[in-house]
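A structural walkthrough
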Amino acid sequence: IVEVSEGALRDKVGAYYLADEGRLWRVTLKEGKLYNTNDIGETYELQPLGDNRFQPEKYPTDTFQFERDEIGGLAPGAAKKGREVEPGEGACPPFSGSGYKLRLSWATGSATYQPVDLPDPKSIPYADYAGEYFSDELTASYRFKVEQDALWLRVNGRRWERLEPTIADQFIVADRIPHDMRVFH
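First, a word on scope: everything that follows refers to the structure included in this document. (Residues numbered from 1 in each chain as written. Predicted model: local features only at pLDDT ≥ 70, side-chain atom pairs only at ≥ 80, totals over all residues. Heavy atoms only, no water.)

Let us look at the overall build of the protein. When helices and strands are counted, the protein shows one helix and 15 strands. When the 185 residues of the protein are sorted by exposure, 42% land in the buried category. In the protein, of all internal contacts separated by at least 6 residues, the share reaching a separation of at least 24 is 37%. Carbon and sulfur atoms make up 49% of the accessible area of the protein, which totals about 10600 Å². (Helix = DSSP H or I, 4+ residues; strand = E, 2+ residues; numbered from the N terminus. Buried < 20%, exposed > 50% of the residue type's maximum accessible area, 1.4 Å probe, protein only. Contact = heavy atoms within 4.5 Å. Areas by Shrake-Rupley, 256 points an atom, 1.4 Å probe, with all protein chains shown as cover.)

Structure, rendered in structure tokens:
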């Protein structure tokens, strides 16, 4: 583990999104240390291995690499007023954050998370999403309601689940469990 300046750590703070799977991670700075909160709510320290390379305390065989491209310091595909989608990746909304992308590597592969701006939950018109929708393909009824300043979902006769916004016009179940890949647009 190496020393990294607080300024260098602060540059990595933000939200990172894996479009293909709807996963959103939040990197924060607290008391001179970086922390990641993953898509299932686990928060753990990112221990520095270099200025841009970190080892997640909870997953010691993985590495986080914060990457910029060589031109202008922005991640590939980034533009000053938004982010263009790179070939082969899912749609990703505009961002105005750090310009870093986050590459997670593990023993059998890797995934690249793109930086995103999170919507302000107070500015989301939840009532616009309320209603009942039916999927013929899944033979499922999806009911959305607004309660307690949040959007709630009920699929068929299951229990109501609170949704949380991830990026613009997208929600996930607030109490997500591992391998819950449901993303609602």
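One finds Phe 64, Phe 66 and Tyr 113 to be the most contacted residues of the largest nonpolar core, which totals 18 residues. Listed by contribution, the elements that provide at least two residues to this core are α1 (6–10), β1 (14–18), β2 (23–30), β4 (43–48), β6 (63–67), β9 (101–106) and β10 (109–116). Apart from the residues lying within four places of it in its own chain, the contact partners of Phe 64 are Trp 25, Asn 36, Tyr 44, Leu 46, Asn 52, Arg 53, Phe 54, Pro 56, Leu 102, Arg 103 and Leu 104. Ranked by size, the runner-up nonpolar core spans 13 residues in total, among them Tyr 126, Ala 140, Leu 163 and Phe 184. (Core = buried A, V, L, I, M, F, W, Y, C linked by side-chain atoms within 4.5 Å.)

Bringing the packing of aromatic side chains into the picture now. For the coordinates displayed, the defined rule picks out ten aromatic pairs. A centroid spacing of 5.6 Å and a plane angle of 90° characterise the contact between Phe 54 and Phe 66, whose relative ring orientation is edge-to-face. Of this pair, Phe 54 sits in strand β5 (residues 53–56) while Phe 66 sits in strand β6; the two residues are twelve residues apart in sequence, bridging distant segments of the chain. On the accessibility criterion, Phe 54 (0% relative accessible area) is buried. Geometrically, the ring pair formed by Tyr 129 and Phe 171 is edge-to-face, given 5.0 Å between the ring centres and 80° between the ring planes. Here Phe 171 lies in strand β15 (residues 171–173) and Tyr 129 lies in the loop between β10 and β11 (131–135), a separation of 42 residues in the sequence. Residue Tyr 129 shares its accessibility class with Phe 171, and that shared class is buried. Pairwise contacts between aromatic rings join Tyr 16, Phe 54, Phe 66 and Tyr 100 into one cluster. Arg 68 extends its terminal NZ or CZ atom over the ring of Tyr 100, reaching a point 3.9 Å from the ring centre. (Phe/Tyr/Trp six-rings, centres within 6.5 Å; stacked < 30°, edge-to-face > 60°. Lys NZ or Arg CZ within 6 Å of the ring centre and 35° of its normal.)

Moving on, we get to the pattern of salt bridges. Under the definition given, this model contains eight salt bridges. With a shortest N-O distance of 2.4 Å, Asp 39 and Arg 23 are connected by a salt bridge. Within this pair, whereas Asp 39 is found in the loop between β3 (33–37) and β4, its partner Arg 23 is found in strand β2, the two being separated by 16 residues in sequence. Judged by its relative accessible area of 15%, Arg 23 falls in the buried class. (Salt bridge = Lys/Arg side-chain N within 4 Å of Asp/Glu carboxyl O.)

Moving on, we get to the side chain of Lys 12. Following the sequence through the fold, Lys 12 ends up in the loop between α1 and β1. Buried charge Lys 12 goes without a salt bridge, the closest partner of opposite sign being Asp 11 at 5.3 Å. There is a polar contact of 3.1 Å between the side chain of Lys 12 and the backbone oxygen of Asp 51. Contact partners of Lys 12, with chain neighbours within four places excluded, come to Val 27, Leu 34, Asp 51, Asn 52, Phe 54, Phe 66 and Tyr 100. (Lys, Arg positive; Asp, Glu negative; His and termini not counted. Polar contact = N/O pair within 3.5 Å; in protein donor to acceptor, adjacent residues only side chain to side chain.)

Taken together, the five strands give an open sheet; going across it, the order is β11-β12-β13-β14-β15, and neighbouring strands pair in antiparallel fashion. Looking at the sheet topology across the chains shown, the edges are occupied by β11 and β15. Pairs of neighbouring strands in the sheet enclose a mean axial angle of 30°, with direction left out of account. (Pairing = 2+ DSSP bridges. Axes fitted to C-alpha atoms, helices over the stretch in contact; angles between N-to-C directions.)

This paragraph deals with the sheet that holds β2. One closed barrel accounts for eight strands, arranged β1-β2-β3-β4-β5-β6-β9-β10; its pairing is antiparallel. Here the average twist between neighbouring strands, direction ignored, is 30°.

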